[in-house]
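These are the residues of each chain, in order.
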Amino acid sequence: MTIAPSVQAQVALQTQTATHCPYCALQCAMTISVPTGGGRPAVTPRDFPTNRGGLCQKGWTSAALLDTPDRLVTPLIKDRESGGHREASWDEALSYVAGTLTALRQVHGPDAVAVFGCGALTNEKAYLLG
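Presented here is a report on the structure given in the accompanying data block. The structure presented is a predicted model; accordingly, all values stated were derived computationally and were not measured.

So, the layout of surface pockets
Its boundaries defined by the atoms lining it, the largest pocket holds a volume of some 220 Å³. If you go around the largest pocket, the residues you meet are L101, R105, P110, V113, V115, L129 and G130. A breakdown of the residues in the lining of the largest pocket according to their chemical character gives five nonpolar, one polar and one charged.

Written out as structure tokens, the structure reads:
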């Protein structure tokens, strides 16, 4: 099959990442394409046993979340005095969460901490939660 030169030029100006849809447990295969100079990412389906080259409405629109202006890209920690939130480094946020979970377990026992999961978790995410 021959690809038109205009399509080849568009593909060359994009970063493409093979991934899976983040929504339900089917994990439909997709490719996220991000234009090199910026702009809205695009989603295209990939052939995979669960989706056979198709995507649902949530999958087709999932890239809209990547460049939404109010998306959090830095951890926030609640300031108890002001009641607001402040930006934190990833190391500070991880230390805060780990310290808080450890303190809860020490005071209330090992059953004081739980995690809710669902079928949409990848094996890697389930392992990390464990």
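Looking at the pattern of salt bridges
Going through the model one piece at a time under the given rule, you end up with one salt bridge. R86 is the salt-bridge partner of E92, the closest N and O atoms lying 2.5 Å from each other. When its relative accessible area of 32% is taken as the criterion, E92 is described as partly exposed. Residue R86 is classed as partly exposed on the basis of its relative accessible area, which comes to 37%.

Looking at the pairing of strand β3 (residues 42–45)
A regular strand places its side chains on the two faces of the sheet in alternate fashion. Relative to β3, strand β2 (residues 29–35) is paired through four bridges, and the arrangement is antiparallel. Following the sheet pairing, T31 is matched in β3 by T44. With antiparallel pairing between neighbouring strands as the criterion, β2 and β3 make up a hairpin whose turn holds six residues, including G38 at a positive phi of roughly 100°.

Looking at the sheet that holds strand β1 (residues 14–20)
If you walk across this open sheet you meet the three strands as β1-β2-β3, and the pairing is antiparallel. Whereas interior strands pair on both sides, the edge strands pair on one side only; in this sheet they are β1 and β3. For this sheet, the mean angle separating the axes of adjacent strands, direction not counted, is 25°.

A word on helix α3 (residues 90–108)
Compared with the 27 Å implied by 1.5 Å per residue over 19 residues, the 27 Å span of α3 between its first and last C-alpha is a close match. Phi turns positive one or two residues past the end of α3, at G109, with a value near 95°.

Here we look at the environment of G37
Considering the arrangement of structural elements, one finds G37 in the loop between β2 and β3. With 23 residues separating them in the primary sequence, G37 and Q14 have C-alpha atoms 8.4 Å apart.

A closer look at the side chain of T31
Tracing the backbone through its elements, the reader meets T31 in strand β2. Once residues lying within four places of it in the same chain are set aside, the contact partners of T31 are Q16, T17, A18, A42, V43, T44 and R46.

Rules used in this analysis
- Note that residues are indexed from 1 along each chain, following the sequence as it is written.
- Given that this is a predicted model, residues contribute local features only at a pLDDT of at least 70 and side-chain atom pairs are listed and counted only at 80 or more, while totals for whole chains, interfaces and linings are drawn from all residues.
- Hydrogens and water are ignored here; the side-chain numbers use all heavy atoms of the structure.
- Of the grid points, spaced at 1 Å and generated over the protein atoms alone, those admitting a 1.4 Å probe that cannot get out make up cavities, while open sets with protein on both sides within 12 Å along at least five of seven lines make up pockets; any residue with an atom within 4 Å of a point is treated as lining.
- Grid points are joined across faces, edges and corners, and a volume is the space filled by probe spheres set on the points.
- Polar here means any residue outside two lists: the nonpolar Ala, Val, Leu, Ile, Met, Phe, Trp, Tyr, Cys and Pro, and the charged Asp, Glu, Lys and Arg; Gly therefore counts as polar.
- Take a side-chain nitrogen of Lys or Arg and a carboxyl oxygen of Asp or Glu: if they are within 4 Å of each other, that pair is a salt bridge.
- Each residue is placed in one exposure class: buried if its accessible area under a 1.4 Å probe, protein chains only, is under 20% of its type's maximum, exposed if it is over 50%, and partly exposed if it falls in between.
- Two strands are counted as paired when DSSP detects at least two bridges linking them.
- A run of H or I in DSSP counts as a helix once it spans at least four residues, and a run of E counts as a strand once it spans at least two, with each numbered from the N terminus.
- Between N-to-C directions, angles span 0 to 180 degrees; the directions come from axes that are lines fitted to C-alpha atoms, helices contributing only their stretch in contact.
- A helix is expected to span 1.5 Å for every residue after the first.
- It only takes one pair of heavy atoms within 4.5 Å for two residues to be counted as in contact.

These figures capture arrangement, not role.
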